[in-house]
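Structural overview for review
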Amino acid sequence: NKVLEQLKNNPLVAYMGQDRKISTFINSHIENQIIPQSVDRVDGDINLENINSNVIDADIAILDTGIDLDHNDLNVFHEKSFIPEATNADDDHGHGTHLAGIAAARDNSLGIVGIAPGAQLWAIKVLESSGMGEISTLIKGLDYINQHSDQVDVAVLSLGCECESGALNIAISNSIKAGITIVVAAGNEGKNARTFTPANNPEVITVSAIADSDGKCGGNGPSTPYGADDMLASFSNFGDAVDISAPGVEIYSTFKSNSYTKLTGTSMAAPHVAGAAALYISLHPEASPKDVKNYLLNSGTNLSDLCDGNGHGYFVGDRDGSHEPLLYVGPK
């Protein structure tokens, strides 16, 4: 008790609170490159024709289960593990590698292509092989990227818990003050995201998930296990804490052991937005996290936008009065 009192009275201690368990937000090798359906849905395929994917000057940190350090389709620039049992940030689960591919798989002759092809990836391992971890470990990862804020531009947090953490909010605020755009998954409980951390942090970009089955707007594709085509996914959290939506059902991306697979969750929606943030930062290196957030929200597809037959069209089934824009990266 005396130690606790001394810590509470220490001016260097900003916050003291109980540690909590956090987990990934998922529901669970090819020779010729394809454009994933989810990238097509936000017109990333059209955008590829207008960008030089060899010079995307932005770094994306994946704070997760690590990244497959040897994956041929990923440009892993730096790795750091905060899991004691892991000697490096190689992915022994698969979740982090999946996020990395959605955001930044290379535009080459194999596998898939991401939203920001070939962007430099930072593998920050804060979750164990089970996909679980502690908020305190996540904070260590955030503190680490803050020390490298001159290089890291965007961070993806596709994890969390239905809880509150003042300590995590402070760490996130420090990251944003350091100039790092933080993108987080809304959560997969079909609940209001305001009770989930870090989704309820007002400074981050919180992402809900839609179901898409044909890579186009209009709702004409077949139904998915999580709702009709172009509908808010049945598992997706919602509410005014959510800033933007992106595809998150049966998303095809990179996986551990130099492979590829489909996974579902708001976890998969978030790196689409992180890739879009990296693209914008690459072209606007002086942009602040607030600038990036405003751009993504203002460039997204809205409820009033009619379907253009490609990716510029809204979704249905939103469960609240806060109609978040749908990510759009194509030309307007």
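One structure accompanies this document, and this report is about it. What you see is a predicted model; the values in this text were computed from it and never measured.

1. Examining the sheet that holds strand β1 (residues 21-24)
Whether parallel or antiparallel, the strands of a sheet pair through hydrogen bonds between backbone atoms. Spatially, the three strands line up as an open sheet ordered β5-β1-β7, and their pairing is antiparallel. Each edge of the sheet is formed by a strand with only one pairing partner; in this case those strands are β5 (132-134) and β7 (159-160). Direction of pairing for β1 relative to β7: antiparallel, over a ladder of two bridges. Each residue of the ladder has a partner; that of T24, found in β7, is L159. The sheet contacts of helix α5 (residues 135-147) involve β1, β5 and β7, and relative to β5 the element is tilted by about 75 degrees.

2. A short note on a nonpolar patch on the surface
On the surface, V3, L4, L7 and M16 cluster together to form a nonpolar patch covering roughly 330 Å² of accessible area. Among the structural elements, V3 can be located in helix α1 (residues 2-8).

3. Observations concerning the pairing of strand β3 (residues 76-81)
As defined by bridge partners, β3 adjoins strand β4 (residues 120-125) across five bridges and the pair is classed as parallel. What sits directly across from K80, in β4, is I124. In the classification by handedness, the crossover that spans β3, the intervening helix α4 (residues 95-104) and the parallel β4 is left-handed.

4. What to know about the state of the cysteines
Within the structure shown, the criterion is met by two disulfides. The disulfide that involves C161 links it to C163, with 1.8 Å between the sulfurs. What makes C161 buried here is its relative accessible area of 10%. A relative accessible area of 5% places C163 in the buried class. Between C217 and C307 runs a disulfide, and the two sulfur atoms are separated by 2.0 Å. Across the S-S bond of C217 and C307 the torsion is about 80 degrees, and the bridge reads as right-handed. A residue pair is termed long-range when its members are at least 10 positions apart, and C217 in the loop between β9 (205-211) and β10 (231-232) and C307 in the segment after α8 (289-299) qualify at 90 residues. By sequence-ordered numbering of the bonded cysteines, the protein chain has its disulfides arranged as 1-2, 3-4.

5. Here's the deal with the side chain of H272
Topologically, H272 is positioned in helix α7 (residues 266-283). Assessed through its relative accessible area of 0%, H272 is described here as buried. Engagement of the side chain of H272 in a polar contact is seen with the backbone oxygen of M268, the distance being 2.8 Å. Setting aside chain neighbours within four positions, we find H272 in contact with S38, V39, I102, I115, A246, P247, I251 and L327.

6. As for the packing of α7 against α8
For the pair α7 and α8, interaxial distance at closest approach is 10 Å and the crossing angle is 115 degrees. Relative to α8, the element α7 is oriented roughly perpendicular. The handedness of the crossing between α7 and α8 comes out as right-handed. In this structure, α7 contributes V273, A276, A277, Y280 and I281 to the contact, and α8 contributes D291, V292, Y295 and L296. Class assignment for the residues of the contact of α7 with α8 results in eight nonpolar, no polar and one charged.

7. Examining the pairing of strand β2 (residues 59-64)
The buried fraction of β2 is high, at six of six residues. Residues D59, A61 and L63 line one face of β2 and the alternating positions I60, I62 and D64 line the opposite face, and both faces are buried. Across six bridges, β2 lies against β4 in parallel orientation. Bridging from a neighbouring strand, L63 pairs with I124 of β4. Pairing between β2 and strand β6 (residues 154-157): three bridges, direction parallel. The partner of I62 across the bridge, within β6, is V156.

8. A word on unusual backbone geometry
For the bond from T197 to P198, the omega torsion is 5 degrees, close enough to zero to count as cis. Tracing the backbone through its elements, the reader meets P198 in the loop between β8 (181-185) and β9. Of note, N258 is a non-glycine position whose phi angle comes to about 60 degrees, a positive value. Residue position: N258 is located in the loop between β12 (251-255) and β13 (259-263).

Conventions and cut-offs
Residues numbered from 1 in each chain as written. Predicted model: local features only at pLDDT ≥ 70, side-chain atom pairs only at ≥ 80, totals over all residues. Heavy atoms only, no water. Pairing = 2+ DSSP bridges. Helix = DSSP H or I, 4+ residues; strand = E, 2+ residues; numbered from the N terminus. Contact = heavy atoms within 4.5 Å. Axes fitted to C-alpha atoms, helices over the stretch in contact; angles between N-to-C directions. Patch = residues over 30% accessible without salt bridge, like charges linked within 9 Å, V, L, I, M, F, W, Y side chains within 5 Å. Areas by Shrake-Rupley, 256 points an atom, 1.4 Å probe, with all protein chains shown as cover. Salt bridge = Lys/Arg side-chain N within 4 Å of Asp/Glu carboxyl O. Right-handed = clockwise from strand over helix to strand, strands pointing away. Disulfide = S-S within 2.5 Å. Buried < 20%, exposed > 50% of the residue type's maximum accessible area, 1.4 Å probe, protein only. Polar contact = N/O pair within 3.5 Å; in protein donor to acceptor, adjacent residues only side chain to side chain. Parallel < 35°, antiparallel > 145°, perpendicular 65-115°, else oblique. Left-handed = near helix turned anticlockwise from the far one by under 90°. Nonpolar A, V, L, I, M, F, W, Y, C, P; charged D, E, K, R; others polar.

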